[in-house]
Amino acid sequence: MVAGDILPLLAEAAKHKQVLRVAVDRDFETLRPDFSAGYTNNMLKRLIYTTPVLWAAKPRADGTLTYDPDTIEGRLVIAYKVSEDRQTIEFTLRSNAKFANGDPMDAPALKDSYAMHIANRGPGASQLKVSGLPSADRITVLDAVTLRLSLDRPVAWGLSNHGLHNGGSVVHAKEILKHATPDDPTGLKWLETRTVESGPFIIEHWQKGAMMSLVPNPHSFEPSQLERIILQIVPDPSTRRIVLERGDVDFAMQISTKDIPDLTRVSGVKVTSYPSARGWWLGMTWNKAPFNNIHFRRAMAWAIPYETLLQVVAHGMAQRLRSCVSKNISGYMEEFWPYETNLEKAREELAQVQIPDGFAVTVPVSAGDAFDEESMVLIKESLALLGIKLTLQKMSIGQKRSLLVKKQVDMAIYDFRPFVPDVGYYIYWNWLPDSLNNYWGYANAEAQALGIEAITMAVDAPERHARLRRFQEIINGEVGTIPLFSEFDNAVMRAPVQGYVSYPDGVAFLAKLRLE
């Protein structure tokens, strides 16, 4: 169904060739770039906010485009210089760059943007801290177009992290602060629904719950061939598929994985799949028996129906994952994971564990998440053959994550996607003693020391490779977690849509598209 207020807009759009119509799964909760609200919201951020840099694109064998992990291209930045010790980065900005209201987007404005993210103490601040910028006093304006970042430590992703949508999104801090109030000292409430764009598009019209239209930013230095983008909210995934198939939209977000194989055979529809770094694991607590017993953990690893998960849950649109870190990123190694589905070996390991007959465990499951729900049902059936009973407790994604962060879960499936395609970045968030996503209380002094060292080393350093190798050997040997699969990113669009690029954070950059 198309809301009545949208019809005149669609009629006007029909007169122009370069109008991209997109079916999105949800409304945009906020225009705050530092607030993470899923792929659809992050897609909007990449349209309306520029970043200092971004990964360059390169063609795959089939001609489709993906990011180049070895090449960083400028957006607001036209040149950068990294010191030999990798603790200082200097950005040279485009001269005469402007926000959508015509105000200068210069080095002082970029520093103000960073400072606002840091002051707000949200995901943007966390992302900048990961990059070695815990405070604004480490950012120095050298002149109108030159900015110096003095990192508190060298990190492997010190440069590339500035292409991400949280802390890297350039906001007009001075304009936002004009709308501050005693109850809202940084103007964040105003930023929920209004902004001054810095990216290639500006918001033309936003009808809450129905649609948003965007047109090119007249001051943008990032030209787009598109004349308008219409984002129509279509919450039901089946309906998104239908409107794409019949040509009502050109591009559809968040198509169900189960529909992808069928859509590859639909005339006029184009599906491009990219192996991603988003992985799924089965985790178990290290804080109580029998989960902390190596034989129990090995039994679980032998009992998982790996191939069934790939075919039934992921519908073949995934790869087998074989490590405690994400696949398809720098530093991943899979030779230390020997486990396949083998119930006899699982029983042999379980025989060495003192567990009572009819042992049971309650497992939280994210309601509505097919990967989580369907995977746990299959794992439940497999473990039942070993006499282990799982009780699946459905709850919201937020409720489950809260329990995980508080380390109140004995066993569960979880996923993680490193926005920066590097094992060290994954380690930072998941495997250190104070990592936010170390849900299971894992502790191993040798492995964690290796991880901490690897984080600060150059990506291509041989000694870093050796540390990451040993790190994975230790944790996989202890069955620190059970790797399941790494899903594909699937871009689904009509045949005339060209120019799609896959980025490591999974966020579509619609401004790069064109219609032929």
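Keep in mind it's a predicted model, so treat the numbers as computed, not measured. (Residues numbered from 1 in each chain as written. Predicted model: local features only at pLDDT ≥ 70, side-chain atom pairs only at ≥ 80, totals over all residues. Heavy atoms only, no water.)

Enquirer: Talk me through the packing of helix H3 (residues 107–120) against helix H4 (residues 123–130); I want residue IDs and the actual numbers.
Expert: Axis separation between H3 and H4 bottoms out at 6 Å; the angle between their running directions is 110°. The angle between the axes of H3 and H4 places the two elements in the roughly perpendicular class. Our pair here, H3 against H4, has a crossing hand that is left-handed. On H4, the residues touching Tyr114, His117 and Ile118 of H3 are Gly124, Ala125 and Leu128. Here the contact of H3 with H4 is composed, by residue class, of four nonpolar, two polar and no charged. (Axes fitted to C-alpha atoms, helices over the stretch in contact; angles between N-to-C directions. Helix = DSSP H or I, 4+ residues; strand = E, 2+ residues; numbered from the N terminus. Parallel < 35°, antiparallel > 145°, perpendicular 65-115°, else oblique. Left-handed = near helix turned anticlockwise from the far one by under 90°. Contact = heavy atoms within 4.5 Å. Nonpolar A, V, L, I, M, F, W, Y, C, P; charged D, E, K, R; others polar.)

Enquirer: Outline unusual backbone geometry, listing residues and values.
Expert: Between Ala289 and the following residue, Pro290, the backbone shows a cis peptide bond with an omega angle of 0°. Within the secondary structure, Pro290 sits in the loop between strand S12 (269–284) and helix H9 (294–303). Phi at Asn328 takes a positive value of approximately 65°, unusual for a residue other than glycine. Tracing the sequence through the fold places Asn328 in the loop between strand S13 (318–320) and helix H11 (343–350). Judged by relative accessible area, Asn328 falls into the partly exposed class, the value being 31%. (Buried < 20%, exposed > 50% of the residue type's maximum accessible area, 1.4 Å probe, protein only.)

Enquirer: Describe the pairing of strand S3 (residues 65–74), and please don't skip the residues or the numbers.
Expert: Where strand S2 (residues 53–59) meets S3, seven bridges bridge the pair, whose relative direction is antiparallel. Within S3, the residue paired with Ala57 across the bridge is Tyr67. The loop that links S2 with its antiparallel partner S3 comprises five residues; one of these, Gly63, has a positive phi angle of about 90°. (Pairing = 2+ DSSP bridges.)

Enquirer: Could you give an account of the environment of Pro433, naming the residues involved and the relevant values?
Expert: Relative to the helices and strands, Pro433 is located in the loop between helix H14 (423–430) and helix H15 (445–455). Taking the C-alpha atoms as reference, Pro433 lies 8.8 Å from Asn444; in sequence the two are 11 residues apart. Excluding residues that lie within four positions of it along the chain, Pro433 makes contacts with Asn438 and Gln448.

Enquirer: Could you give an account of the packing of H4 against H14, naming the residues involved and the relevant values?
Expert: Direction vectors running N to C along H4 and H14 enclose 125°, while the axes themselves pass 12 Å from each other. Relative to H14, the element H4 is oriented oblique. When the axes of H4 and H14 are compared, the crossing they make is right-handed. Contacts from Ser126, Gln127 and Val130 in H4 reach Tyr425, Tyr428 and Trp429 in H14. In the contact of H4 with H14, the residues fall into four nonpolar, two polar and no charged.

Enquirer: Tell me about the packing of aromatic side chains, and please be specific about residues and values.
Expert: Tallying each qualifying case throughout the model produces 22 aromatic pairs. Ring geometry for Tyr274 against Tyr500: centres 5.9 Å apart, planes inclined by 40°, an arrangement best described as tilted. One end of the pair, Tyr274, is in strand S12; the other, Tyr500, is in the loop between strand S18 (497–498) and strand S19 (501–502), with 226 residues separating them in the sequence. Just as Tyr274 is buried, Tyr500 falls in that class too. Clustering of aromatic rings is evident, with ring pairs tying together Trp281, Tyr414, Phe416, Tyr426, Tyr439 and Trp440. The cationic tip of Arg46 hangs over the ring face of Tyr503; the distance from NZ or CZ to the ring centre is 5.1 Å. Lying across the ring of Tyr306, Arg320 places its NZ or CZ 3.8 Å from the centre. (Phe/Tyr/Trp six-rings, centres within 6.5 Å; stacked < 30°, edge-to-face > 60°. Lys NZ or Arg CZ within 6 Å of the ring centre and 35° of its normal.)

Enquirer: Kindly report on the pairing of strand S10 (residues 228–233), identifying the contributing residues and their values.
Expert: Within S10, six of the six residues are buried, leaving the element largely enclosed by the surrounding structure. Alternating residues of S10 divide into Arg228, Ile230 and Gln232 and Ile229, Leu231 and Ile233, and every residue in both groups is buried. Taken together, the six bridges between strand S1 (residues 19–24) and S10 define a ladder with parallel strand orientation. The partner of Arg21 across the bridge, within S10, is Ile230.

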